Amino acid sequence: MTTISGLTANSTTPYLNANNPQNAPVIVQGKVVSTPNKGFVVPSTAYHPRDSIVEPIHNPQDFKRDPSPRRCNDLIWAILFLIHLGAMVWVAIYYIPQMTNRLGADYAADANNDDHRRFLEEDQDWSYQNIDNGYLYDNNAITLNLPSTIAVVAVTCVSGIFLATTALGFMVLFAETLIRVGFIATALLSLVMGMASVATGQIAAAIASFVMFVLVTWYACNAWARIPFAATNLVTATTIVRDNLGVAVYAYLSLALAFGWAVWWTSATIAALFVLGDCEGDGTCNNDLDPFLIFLFLASYHWTFHVIANVVTVTVAGVSGTWWMVPSEGNQFCSKAVTDSYYRANTLAFGSICLGSLVVAIVSAAKEIIRQMRDGRDSVLVCIAEFLLGCIKNILEYFNEWAFCFVGIYGYSFVESGMQVMDLLRSRGWTSIITDDLSGRALFIVSFFVALLNGLIGWAFGSVIPLGEGVPEIVPFLIAMVTGFTLCSTLFSVVGSACKSVIVLYAEAPNEFQANHPELSNRMRISWQQAWPVDFKYG
């Protein structure tokens, strides 16, 4: 390997301008560093995304970005979101007591009804339940030990987090193999489902499975040569997350928030619709419900859910930018990059997150309304409308993923970020590259195996501490498997977000990547050139 003097290019540093004179100064992170014959040195005034934006030097004609001032972008949308949350709090406080009072009155009326009382006395299958000393008794001969069940859930949560974290290192070593296994497993699963459908006489399902097998096989053959490209992206993203593992804490926190929001929203929405519809305890309603009101409740759910998820996405983008530019501030569990990025996502960038999430939420809510209409009446137009809304939703979510990268890295507003990132990728000629995402298969395969391992742990723990009498042995296995898959998928969603940030940062600042992470940079350059010899412009 030859040393770098000035800006002389060689086989290991293809991003430097080979036309500059031999004695030209070294440029790192858009700054001149006087270090003749000593290679790369990171300047003391290194870039940090909370202070300014990077000015990477690719070629003389490359554009530069103006610094983004520290301000709350899209503030009005953050205010509207908080007002919406306050409205949902009021809905819960106002309507839940009314619903419980009505249900209590209906129950009391039923208890005094002779026919109802006679039904309770004569029905031998009626299941009476009570809790005594931690046991849930049921007349159907199943006894559930609640403390043991809680213990299984707690233990499998800890083991699931441990296995998911350990799997990060596994992916760094075997990323390419995992992607190949993902292709093969998907094809084989389609083939097995097709054969099983034939054996059971399900001809339509068999045809669909065999068509899926042909499509997956065809796609795998075409994408096989690009697997090393996807693997290097995945390795880099996984390294970012592993070096800043504290970001996983915020991901798990978002999971808890999403669960809490689902419970709160469900309680408030059911109570409001129950009271406004003048409903009875048996589910019959005397008043017709306004479809627009249902739309607003659905939009509320999707808006908050996407905001919670996108806060983590923007945080990951900020962490990735700091790790890329200033590795000294992004290489610890609870690094400065992690804490500062999460703070910015919940303050300065929160309005941009609310705006981007609202756009998707509106389309998602409309899609749910259309689906309800389709279930009520089978119409071709309704099916077409649902399909179009699904396409629009996918496009918006795809656009948001890239826009939030710039929101997290540079602190731009949502609309400006969307335009800037698309202009960047288009100017690099990477419109084909960004659509070729193979890493999701590897993430799913690892999540599935983590779920299986966690299920075995739950089964072993359940065999030592039984959940109760009559409880099937598979129950602790299923509890642990679902827990493990949920936790692992949550962590790996962070890796997926980092993959998007890696592509954006590689388009924006390849010199900085070579300076700060040369081994990963060299590996990525080689795999990208092999996979995209025409579209990949560097080198």
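Positions within a chain are numbered from 1, following the residues in the order the chain's sequence is written. Owing to the predicted nature of the model, reporting of local features is limited to residues with pLDDT of at least 70; listing and counting of side-chain atom pairs is limited to 80 or more, with chain, interface and lining totals taken over all residues. Just so you know, side-chain values use all the structure's heavy atoms and leave hydrogens and water out.

This brings us to the overall build of the protein. The number of helices and strands found in the protein is 15 helices and five strands. With a 1.4 Å probe rolled over the protein chains alone, any residue whose accessible area is under 20% of its type maximum counts as buried; one over 50% counts as exposed, and the rest are partly exposed. For the protein, with 539 residues in total, the buried portion stands at 46%. Nonlocal contacts in the protein, meaning residues at least 24 apart in sequence, comprise 74% of its contacts between residues at least 6 apart. The protein chains shown are the only cover counted for residues, whose accessible areas, like all others here, come from Shrake-Rupley with a 1.4 Å probe. Accessible surface, the protein: about 26,600 Å² in total, of which carbon and sulfur atoms supply 65%. Helix and strand definitions here come from DSSP, where helices need a minimum of 4 consecutive H or I residues and strands a minimum of 2 consecutive E residues; each element is numbered from the N-terminal end. Contact between two residues is taken to exist if any of their heavy atoms lie within 4.5 Å; hydrogens are not considered.

Among the secondary structure elements, Thr483 is positioned in helix α13 (residues 474–508). Non-local contacts of Thr483, meaning those with residues more than four positions away in its chain, are made with Thr156, Cys157 and Asn454.

Definition used in this section: a nonpolar core is a set of buried Ala, Val, Leu, Ile, Met, Phe, Trp, Tyr and Cys residues joined via side-chain atoms within 4.5 Å. The biggest cluster of nonpolar side chains holds 96 residues, and the ones touching the most others in it are Val241, Trp324, Trp430, Phe492 and Trp528. The leading source of residues in this core is α13, at 14 residues. Discounting chain neighbours no more than four positions away, the residues touching Trp324 are Thr236, Val502, Leu505, Tyr506, Ala509, Glu512, Phe513, Asn516 and His517.

Bringing helix α11 (residues 414–428) into the picture now. Expected helix span is computed as 1.5 Å times (number of residues minus one). In this model, α11 (15 residues) spans 21 Å end to end at C-alpha, consistent with the 21 Å of a helix rising 1.5 Å per residue. Those residues of α11 that fall on the buried side of the exposure criterion are Phe414, Ser417, Gly418, Val421, Met422, Leu424, Leu425 and Arg428. Looking down the long axis of α11, one finds its buried residues gathered within 155° of arc, a one-sided arrangement. Residues of α11 that are exposed and angled more than 90 degrees away from the buried face: Met419 and Arg426. It is the directions from the helix axis to the C-beta atoms whose arc is reported.

Moving on, we come to helix α7 (residues 291–325). Here α7 contains 35 residues, and its C-alpha end-to-end distance of 50 Å stays within 8% of the 51 Å for a straight helix at 1.5 Å per residue. A large share of α7 lies buried, amounting to 27 of its 35 residues. Any pair of N or O atoms that falls within 3.5 Å is considered a polar contact. Within protein, one atom must be able to donate a hydrogen and the other to accept it, and sequence-neighbouring residues count only if both atoms are side-chain atoms. Sitting at the head of α7, Asp290 places a side-chain oxygen 3.1 Å from the backbone nitrogen of Phe292.

On to the packing of aromatic side chains, then. Only centres within 6.5 Å qualify two rings of Phe, Tyr or Trp (six-membered ring in Trp) as a pair; their planes then separate them into stacked at under 30 degrees, edge-to-face at over 60, and tilted for everything else. Taken as a whole and assessed by the stated rule, the structure comprises 27 aromatic pairs. Ring centres of Phe183 and Tyr219 lie 5.8 Å apart, and the angle between their planes is 55°; this geometry places the pair in the tilted category. Within this pair, whereas Phe183 is found in helix α3 (residues 146–199), its partner Tyr219 is found in helix α4 (residues 203–223), the two being separated by 36 residues in sequence. For Phe183, a relative accessible area of 2% translates into the label buried. A residue is classified by how much of its surface remains accessible, and Tyr219, at 26% relative accessible area, is partly exposed. Centre to centre, the rings of Phe448 and Phe449 are 6.0 Å apart; their planes meet at 75°, and the pair counts as edge-to-face. Judged by its relative accessible area of 34%, Phe448 is partly exposed. Each member of the aromatic cluster is reached from another via a ring pair, and the members are Phe229, Trp323, Trp324, Tyr506, Phe513, Trp528 and Trp532.

A few words now on the packing of α3 against α4. Every angle, taken between N-to-C directions, lies between 0 and 180 degrees, and every axis is a line fitted to C-alpha atoms, over only the stretch in contact when it is a helix. Relative orientation of the contacting elements α3 and α4 amounts to 160°, with a least axis distance of 8 Å. As summarised for this structure, α3 and α4 are arranged roughly antiparallel, according to the angle between their axes. Crossing of α3 over α4 shows left-handed handedness. On α4, the residues touching Phe183, Thr186, Ala187, Ser190, Leu191, Met193, Gly194, Met195, Ser197 and Val198 of α3 are Ala205, Ala206, Ser209, Phe210, Met212, Phe213, Val216, Thr217, Tyr219, Ala220 and Ala223. Each angle gets one of four labels, with under 35 degrees taken as roughly parallel, over 145 as roughly antiparallel, 65 to 115 as roughly perpendicular, and the rest as oblique. Note on convention: near helix rotated counterclockwise from far helix by under a right angle means a left-handed crossing. Clockwise means right-handed.

Where helix α12 (residues 439–464) meets α13, the closest approach of the two axes is 7 Å, and the angle between their N-to-C directions is 150°. In this view, α12 runs roughly antiparallel relative to α13, as classed from their interaxial angle. Viewed along their axes, α12 and α13 form a crossing whose handedness is right-handed.

Our focus in this paragraph is unusual backbone geometry. Its identity as a non-glycine residue notwithstanding, Asp74 has a phi of 50°, on the positive side. Topologically, Asp74 is positioned in the loop between β2 (31–33) and α1 (75–111). In this model, Asp278 sits at a positive phi of 50°, which is unusual for a non-glycine residue.

Time to look at a nonpolar patch on the surface. Nonpolar side chains collect at one region of the surface, where Leu75, Ile76, Ile79, Leu80 and Ile83 lie side by side and expose about 450 Å² of accessible area between them. The topology assignment puts Ile76 in helix α1. Each patch is assembled from residues with relative accessible area greater than 30% and no salt bridge, linking like charges that lie within 9 Å and nonpolar side chains (Val, Leu, Ile, Met, Phe, Trp, Tyr) that lie within 5 Å. Think of a salt bridge as a Lys or Arg side-chain nitrogen and an Asp or Glu carboxyl oxygen that are within 4 Å of each other.

A few words on the pattern of salt bridges. One side chain can pair with another of opposite charge once the charged atoms of both are near each other. What the rule picks out here adds up to five salt bridges. The closest approach of N and O atoms between Glu176 and Arg180, which form a salt bridge, is 2.7 Å. Of this pair, Glu176 and Arg180 both sit in helix α3, separated by four residues, roughly a single helical turn.

With respect to the helices, strands and loops of the structure, Leu189 is situated in helix α3. Remark: the alpha-carbon pair of Leu189 and Phe213, spanning 24 residues in sequence, is separated by 8.2 Å.

Turning to the confidence of the model for the protein, a few remarks are in order. Scored from 0 to 100, pLDDT reflects the predictor's confidence in each residue. Summarising the model, the protein shows a mean pLDDT of 78, and 78% of its residues fall at 70 or more. Mean pLDDT across the elements of the protein ranges from a minimum in strand β1 (residues 26–28), with 35, to a maximum in α7, with 93. Confidence drops under a pLDDT of 50 for residues 1–64, and excluding neighbours within four residues, the segment shows 137 contacts in the predicted structure. Scored below 50 in pLDDT, residues 119–139 shows 30 contacts in the model against residues more than four places distant or in partner chains.

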